[in-house]
Amino acid sequence: MENVMSKLGQVVEAVENYNKFVLDQVKRARSDEKFGRELVDRWNETKAKTPVTHTPTGLPLPRLALPEIDEPGEIARYLFGEGLPGEFPFLNGAYREMYLEPVRQIETGSYGKGASGDGTKGKASGNGAQAPEEPTRLFSGLMLAEDTNERFHYLTQHQRTHRLSTAFDGPTLYGIDSDADGVFGKIGEGGVAIDTVEDMVRLYDGFDLGSPGFSASMTISGPAPIIMAMYIAAAKRRFGPKVVPKLRGTIQADIFKEVQAQNETIFPIEASLRFLTDMVEFTTHEMPRWYPISISGYHIGEAGSTPVQQAAYTLSNGFAYAEMFAARGIPIDQFGPRLSFFLDCGLDVEYIALARVSRRIWAIGMRDAFGAGPRGQLFKLHTQTSGRSLIAAEFKNNLTRTAAELILAYMNATNSCHSNSADEPFTTPSEEWIRLAAHGQAILLEESGIFKHTMNMLSGSPGMKAVERAVERAILDEFREIERLGGVLAAVEDRYQRSQIQNAAHRYEQQIYEGTRPIIGLNKYRNGEEHAPEIKLARTPRKRQQLQVDRLAKFKKKNAEKAKRALDNLAATVDRGKNCFLTLLEAVEVCSLGQITGRLQEVVGRFRPMV
């Protein structure tokens, strides 16, 4: 496995070489009159073709904001160093237009006409313009499958497109059945309980899983291939086998971040990576609209990392996966476009540019170190506002914190976004606070004019550029250290990422304790007469938990003989070293999550934390 992680140093070299290339282009633009004139002409043509739209007050604005420069060297620095939105190296956005209202009043040109935030066309509005897909992705998971399904329908009642993100309860995250010893009280707590394909059918009941306007995101990593197989099986039960290529969404499946930060690993690392690659190989060939891995920095950030550590470990993990999938023989331009990313967005100044810089590094690395084509260079990003920033003390201030984080996320041109609820320090969010969290995004994107009229509205300030330079240098320094340790897997085995995250978390808490990191309402401007708020805690009633256990017992009894044969077949496939995902698809029809996990652990062993 050591050779799998060998390209990180090439990525560092590629970024440094590209930065030198940009400087060379700046010099060339200033010394080569013909080249300089070509750049100026292109610049002027882009500006001339940019449509003009009008605000509700009648103010004319360009659909794309560009810096007021006319000197060839500075134009070269912008075009090559940043790129127009949707152009390499994608600093200003993965797509030409994101978040913008459909064009209604155009006076000139046709720049980016009809493009939407995720590169797909939206629904036509009444005036014939294309309505872009909303970037809002709503996250939920509570009690049993039908309870979460009810919440999903509540959350999507005002959305044109249904972009759901699913949280699972503790037993499910660890691949344990609800009838296992000692887990009864945890059933449906902090997420939804999913034991069988029948639960998965209930979870998304009433949603058209094959519709272009529906996508499902599932936040689970250890047993992700099993859950993914259940999702496919549930879709086939409802819509038939032809639905499989139409399925759209993401499953997290990020084993590296589990070992580095979150701890929900159930198989040894190499076996986990093998099962992940089996799933990626299947979905890449059979499900062209599915993202089989969401390379996740969010949990690294929530575990206590600095913003730079979060980005550096996420990107380096992504490059490690890319080499691993290529080593399996999957073409880079097949799996590259199917990789997605997930970052935290907090209030530290680095978040002004963290995702922008990550997008640029990924594009350069994938193109120059891996040979990926344009679609494989895109850093497709989901952002979630910081859970760690939410404070129980005077918790209504969390509304302001989340609003500020949303602005930062959209300044960074995230492709989709989830806003946390203010009451999350206490409980699974209630409908009232979830509604406010969702409205926070609607107010920002639809009511305000900050993002809906003009691309690049808040990009490119001197302060943002200073942060970009500092963040890029710091990320590359982290890459060099990981490379020195032998690559991502070697660094994981050396506990490098985990120790760095722990050190950063300790420093963060110490700063709060000492008052050098002000937290309003906690260590600064605190109300001395504060009383604990009355918050209704979300809990799964014992009757609902017993219902889940009873359903599971009925499923196991009904499928007992078939389950034995399916598990034997699965174990034999794994023993032979073959891709086991097709066998997994057969097993989930008659086996529970816990049965499959247990049998696989008999074959490959259990994960043992590294000391």
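Computed from a predicted model, the values in this text were never measured in an experiment.

1. Here's the deal with the overall build of the protein chain
Then comes step 1: The secondary structure content of the protein chain amounts to 22 helices and 13 strands.
Then comes step 2: A compact globule built from 611 residues would reach a C-alpha radius of gyration of about 25 Å, and the protein chain, at 24 Å, matches this within 12%.
Then comes step 3: With respect to the principal axes defined by its C-alpha atoms, the protein chain has extents near 80 × 60 × 55 Å.
Then comes step 4: Burial statistics for the protein chain: of 611 residues in total, 57% are counted as buried.
Then comes step 5: Here the contacts in the protein chain between residues at least 6 apart in sequence split such that 77% fall between residues at least 24 apart.
Then comes step 6: Total accessible area on the protein chain is roughly 25,200 Å²; 52% of this is exposed by carbon and sulfur atoms.
Then comes step 7: Across the protein chain, 74 positive and 76 negative side-chain charges occur, with their mean positions spaced 4 Å apart.

2. Quick word on the pairing of strand E10 (residues 293-296)
Then comes step 1: Across the two faces of E10 the burial is the same, with Ile293 and Ile295 and Ser294 and Ser296 all buried.
Then comes step 2: Where E10 lies against strand E11 (residues 339-345), four bridges are found, and the strand directions are parallel. Residue pairing across strands places Ser294 opposite Ser340, the latter belonging to E11.

3. Brief notes about the packing of aromatic side chains
Then comes step 1: For the structure on display, the rule yields 28 aromatic pairs.
Then comes step 2: On the numbers, 5.4 Å between centres and 80° between planes, the contact of Tyr18 with Phe88 is edge-to-face. Taken together, the residues span a long stretch of sequence, with Tyr18 in helix H1 (residues 8-31) and Phe88 in the loop between helix H3 (72-81) and strand E3 (123-124) at a distance of 70 residues. Per residue, the accessibility class of Tyr18 equals that of Phe88, and both read buried.
Then comes step 3: Measuring from ring centre to ring centre gives 4.8 Å for Phe256 and Tyr321, while their planes differ by 40°; the resulting arrangement is tilted. Taken together, the residues Phe256 in helix H8 (residues 255-262) and Tyr321 in helix H11 (residues 307-328) connect sequence positions 65 residues apart.
Then comes step 4: Looking at Phe256, the relative accessible area reads 0%, which means it is buried.
Then comes step 5: For Tyr321, a relative accessible area of 0% puts it in the buried group.
Then comes step 6: By way of ring pairs, the aromatic residues Tyr18, Phe21, Phe35, Phe80, Phe88 and Phe90 are connected into one cluster.
Then comes step 7: The aromatic ring of Phe370 is capped on one face by Lys7, whose charged end is 4.8 Å from the ring centroid.
Then comes step 8: Between the NZ or CZ atom of Arg28 and the centre of the ring of Phe35, over which it lies, the distance is 3.7 Å.

4. Describing the packing of helix H13 (residues 354-368) against helix H16 (residues 462-484)
Angle between the axes and distance between the axes: these two values describe a pair of packed helices.
Then comes step 1: In contact at an axis separation of 9 Å, H13 and H16 are set at 55° when each is read in the N-to-C sense. As judged from the angle between their axes, H13 and H16 are oblique. Every pair of crossing elements has a handedness; the one defined by H13 and H16 is right-handed. On H16, the residues touching Leu354, Arg356, Val357, Arg360 and Ile361 of H13 are Met464, Lys465, Glu468, Val471, Glu472, Ile475 and Phe479.

5. Some thoughts on helix H19 (residues 542-558)
Then comes step 1: Taking 1.5 Å per residue as the helical rise, H19 with its 17 residues ought to reach 24 Å, and the 24 Å between its terminal C-alpha atoms agrees with that figure.
Then comes step 2: At its buried positions, H19 is contacted by helix H6 (197-203).

6. Structural notes on the sheet that holds strand E13 (residues 416-418)
Then comes step 1: The strand order across the open sheet built from four strands is E10-E11-E12-E13, with neighbouring strands paired in parallel fashion. Lying at the two open borders of the sheet, with one neighbouring strand each, are E10 and E13. Here the average twist between neighbouring strands, direction ignored, is 25°.

7. Considering the environment of Pro89
Then comes step 1: With respect to the secondary-structure elements, Pro89 resides in the loop between H3 and E3.
Then comes step 2: A residue is classified by how much of its surface remains accessible, and Pro89, at 0% relative accessible area, is buried.
Then comes step 3: Pro89 sits 331 residues away from Asn420 along the chain, and the two C-alpha atoms are 30 Å apart.
Then comes step 4: Sequence-distant contacts of Pro89, that is, excluding residues within four places in its chain, are made with Tyr18, Phe80, Gly81, Glu82, Gly83, Arg359, Arg360, Ala363 and Ile364.

8. Section: the environment of Lys396
Then comes step 1: Inspection of the secondary structure puts Lys396 in the loop between strand E12 (381-385) and helix H14 (398-411).
Then comes step 2: A C-alpha to C-alpha distance of 7.9 Å links Lys396 and Asp423, two positions 27 residues apart in sequence.

Cut-off values and rules
- Residues numbered from 1 in each chain as written.
- Predicted model: local features only at pLDDT ≥ 70, side-chain atom pairs only at ≥ 80, totals over all residues.
- Heavy atoms only, no water.
- Helix = DSSP H or I, 4+ residues; strand = E, 2+ residues; numbered from the N terminus.
- Rg over C-alpha atoms; globule rule 2.2 N^0.38 Å.
- Buried < 20%, exposed > 50% of the residue type's maximum accessible area, 1.4 Å probe, protein only.
- Contact = heavy atoms within 4.5 Å.
- Areas by Shrake-Rupley, 256 points an atom, 1.4 Å probe, with all protein chains shown as cover.
- Lys, Arg positive; Asp, Glu negative; His and termini not counted.
- Charge placed at Lys NZ, Arg CZ, Asp CG, Glu CD.
- Pairing = 2+ DSSP bridges.
- Phe/Tyr/Trp six-rings, centres within 6.5 Å; stacked < 30°, edge-to-face > 60°.
- Lys NZ or Arg CZ within 6 Å of the ring centre and 35° of its normal.
- Axes fitted to C-alpha atoms, helices over the stretch in contact; angles between N-to-C directions.
- Parallel < 35°, antiparallel > 145°, perpendicular 65-115°, else oblique.
- Left-handed = near helix turned anticlockwise from the far one by under 90°.
- Expected span 1.5 Å × (residues − 1).

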